[in-house]
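Topology and contacts: notes
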Amino acid sequence: MASLRYERRIHATADEVWGVITEPESIPEWFPGVVSCTLEGTRRVLTLATGIEMPEEILVNDSIQRRFVYRIDSPLYRFHLGSIDVIALSPEESLCVYSTTAEPDTLCLLIGGGTAGALVEIARIAECVAAARVG
Amino acid sequence: MRRGGESGVVVGRKILFITTDQQRYDTVGANGGTLSRTPVLDGLAREGIRYERCQPTSVVCMPSRASMLTGQYPSTHGAWMNGVALAPDAPSVAESLHDLGYATALIGKAHFEPFMDPFGRFAENALASLGVPTLEAPWFDGRQGVHRGFDFLEFATHGVMGPLHYAKWIQRAHPEALPGFYSVVDGDFNVNAAGGGDTGAPQVKWNDVPREWYHTDWVADRTIAWLDEQTDDQDWFCWMSFPDPHHPWDPPSSERHRVDWREVPLPENYPTSATEREALLDQKARHWRLWYDGRVVSNYEAPKKWVPATMTADQVREVNAMNAIEVELIDEAIGRVLARVAAKGWDEDLDVIFTSDHGELQGDFGLLFKGPYHVDALMRLPLIWRPAPSTSPVASVVHAPVSLVSLAATFLEVAGAAAPSWLEGATLPVSDDDAISRGFEATVTEWDSALFGVEVHVRSVLTSDYLYSEYGAGTMHDGSEGELYNLVDDPLQRVNLFNDPERAAERAALSERLRAHAERPGERATPGLLVAPV
């Protein structure tokens, strides 16, 4: 079992960052390589640019704690847990933490690499929202 | 051939750049190899320039291939180890040629971006599923246009799984052939240690796939198909990139008759007794012996669950037989492509450059695969340049050390283009006199890796007389270790002179060359992020 954690300071309010993440169907906008997704209850199925379909179970989507937790439900993984936390650092700045725990270890590295790219996109979108607010 | 105005100067040509993956210098007949028959490459060498000492910038795929494309060392282009993508805006010789009006294609193995990318966030892994993004039909994320300067891309790698074009083709067209291939990775997504063949050698399997469905022939077929779409007056640059003879060694069973492993001699640098092997390894930096004993796996490219000390002489023979068969298939595939070019009447204007990205240990020092082991097995490469006959080239053999970092500059010179400022390599010399006059005295090979808690840094410089390596501080070295081999007295690199006081002057001079390399002028890309093991 391996864990990887990436974090990024974002010049946007915690609510603005959380607004990017909290809608489960918005993931194609911010996770590189996700072409589209479907959502039925807590089950989300991603269609990836490789043509792979990746089913996920959403475990937590808590707007009060600003915490999103999900599990990849694929036979390739013996275990997977992904979590995104948004923490207010100041009225204008947030910390977004994207953690991955997985087994086999190698798959943790692969997913973790994707989450690093996702943080870049989350920051880009949230900072656009913040810029629009400030005018 | 297009000629410029009244001068008659060649302003453009056709360039066939052929690469293999993990092929040693001594596997080619023209270089003295006897196990494989390589008449096509031997013929190109007779007509053109054969290089005796070609070194890679790195002994693993991604950094080395990125150097071929960019003409830069890994510490400049930023793809510093396997699993680190070359930046999307990195320089590309293909882009320069595209801008000159060349049709540009890369067919086969690219690997500027990590293979292990289930999301397809890197273009190489998405192209087969999504097609080439165009202005009319951009990708879902808005991307459009050529990728790294290539306007045609069809990819293959070592297996039949994954999202690349060859894998998708054989999965769709010939699913019955899939079980014949060796599974490159195991259930933990580590390089597979499972043995096969007659001897139980790792990454060996007899493959029931018909030869015409194997990736070597597929790469040649797809190259021919692309060539058939070009017109006579179109200049082109085609990178035909064979995934073999990189492991797994699973060539078609129909070709088994070519080389009987029982008759394969052991490599000159394979110490037959364990005592001799261990004594040789103990002279080198400590990670050599640690890996041999199975106490450390220094890098992802060797199977995590395989212990080199368990390798038998027969396993070495069988691996080398399989490798030789794959080399022969490549030679024949190249012959088919060249025959098509000749049939079109283009041969007079065709430059052919053949090389590989790095070598393979293949039994040397009792080891297999590759890693931070800077010796000839991994660092001495085949390189042949057959200039276009219309330029009346003089056949020669260049003994001076040259590097793959020179390839991009060479392609641009063939095209008659000025050298861009981002190139770090000079055009390949065409003779020893040319090499001397232009100062080809030394080449540098870099290694940096940091994966799963193991960190290794090596810098090596090769001259006509010496191979010298310095190890940076990592998890296995404290920064004081090194290796020094006298290539004249010790061509097999068995006697490490690093701590010999009588060699202090040579060591200091070579160390100064490495310092100069580290401090060379020029802008460096930010080192990329490690996002996959390969």
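All of the points below concern the structure found in this document. If you're wondering where the values come from, they're calculated on a predicted model, not measured in any experiment.

About the thresholds
Residues numbered from 1 in each chain as written. Chains lettered and ligands numbered in written order. Predicted model: local features only at pLDDT ≥ 70, side-chain atom pairs only at ≥ 80, totals over all residues. Helix = DSSP H or I, 4+ residues; strand = E, 2+ residues; numbered from the N terminus. Pairing = 2+ DSSP bridges. Axes fitted to C-alpha atoms, helices over the stretch in contact; angles between N-to-C directions. Contact = placed C-beta atoms within 7 Å. Buried ≥ 20, exposed ≤ 12 C-beta atoms within 10 Å, placed from the backbone. Nonpolar A, V, L, I, M, F, W, Y, C, P; charged D, E, K, R; others polar.

Bringing unusual backbone geometry into the picture now. Along the chain, A:Glu103 connects to A:Pro104 via a cis peptide bond; the corresponding omega equals 5°. Mapped onto the fold, A:Pro104 is located in the loop between strand S7 (93–103) and helix H3 (105–134). The amide bond that connects B:His247 to the next residue, B:Pro248, takes the cis arrangement and shows omega of 5°. Following the sequence through the fold, B:Pro248 ends up in the loop between strand S10 (236–241) and helix H8 (274–282). Positive phi outside glycine occurs at B:His111, with the angle close to 65°. As for its position among the elements, B:His111 is in the loop between strand S6 (103–108) and helix H5 (123–130).

All right, on to the sheet that holds strand S4 (residues 53–62) of chain A then. All names here are of chain A. As summarised here, the arrangement of the seven strands in space is S1-S7-S6-S5-S4-S3-S2, forming an open sheet in which the pairing is antiparallel. Each edge of the open sheet carries a strand with a single partner, namely strand S1 (2–10) and strand S2 (34–40). Strand-to-strand twist of the sheet, defined as the mean angle between neighbouring strand axes without regard to direction, takes the value 20°. In this sheet, S7 lies alongside S1 in antiparallel orientation, the contact comprising nine bridges. What sits directly across from alanine 2, in S7, is alanine 102. The sheet strands contacting H3 are S1, strand S6 (79–90) and S7, and the helix crosses S1 at an angle near 10°.

What follows deals with the pairing of strand S3 (residues 14–20) of chain B. Residues and elements named next belong to chain B. The buried fraction of S3 amounts to seven of the seven residues, a majority that puts the element mostly inside the structure. Taking every second residue as pointing to the same face, both faces of S3 are buried, with Lys14, Leu16, Ile18 and Thr20 on one and Ile15, Phe17 and Thr19 on the other. One ladder, built from six bridges, connects S3 with S10; its direction is parallel. Directly across from threonine 19, in S10, lies its bridge partner serine 241.

Turning next to the interface of chain A and chain B. At the junction of the two partners, chain A supplies 20 residues and chain B supplies 19 residues. The set of elements that each furnish at least two residues to the side of chain A that touches chain B consists of S2 and H3 of chain A. For the side of chain A that touches chain B, the element with the highest residue contribution is H3(A), accounting for nine residues. Class assignment for the residues of the side of chain A that touches chain B results in 12 nonpolar, seven polar and one charged.

Residue and element names in this part refer to chain B. With mixed pairing, the eight strands of this open sheet are ordered in space as S7-S6-S10-S3-S11-S12-S4-S13. Edge strands, defined here as strands with exactly one partner in the open sheet, are strand S7 (152–155) and strand S13 (396–398). On average, adjacent strands in this sheet sit at an angle of 10° to one another, irrespective of strand direction.

As far as function goes, none of this settles anything; it's purely spatial.
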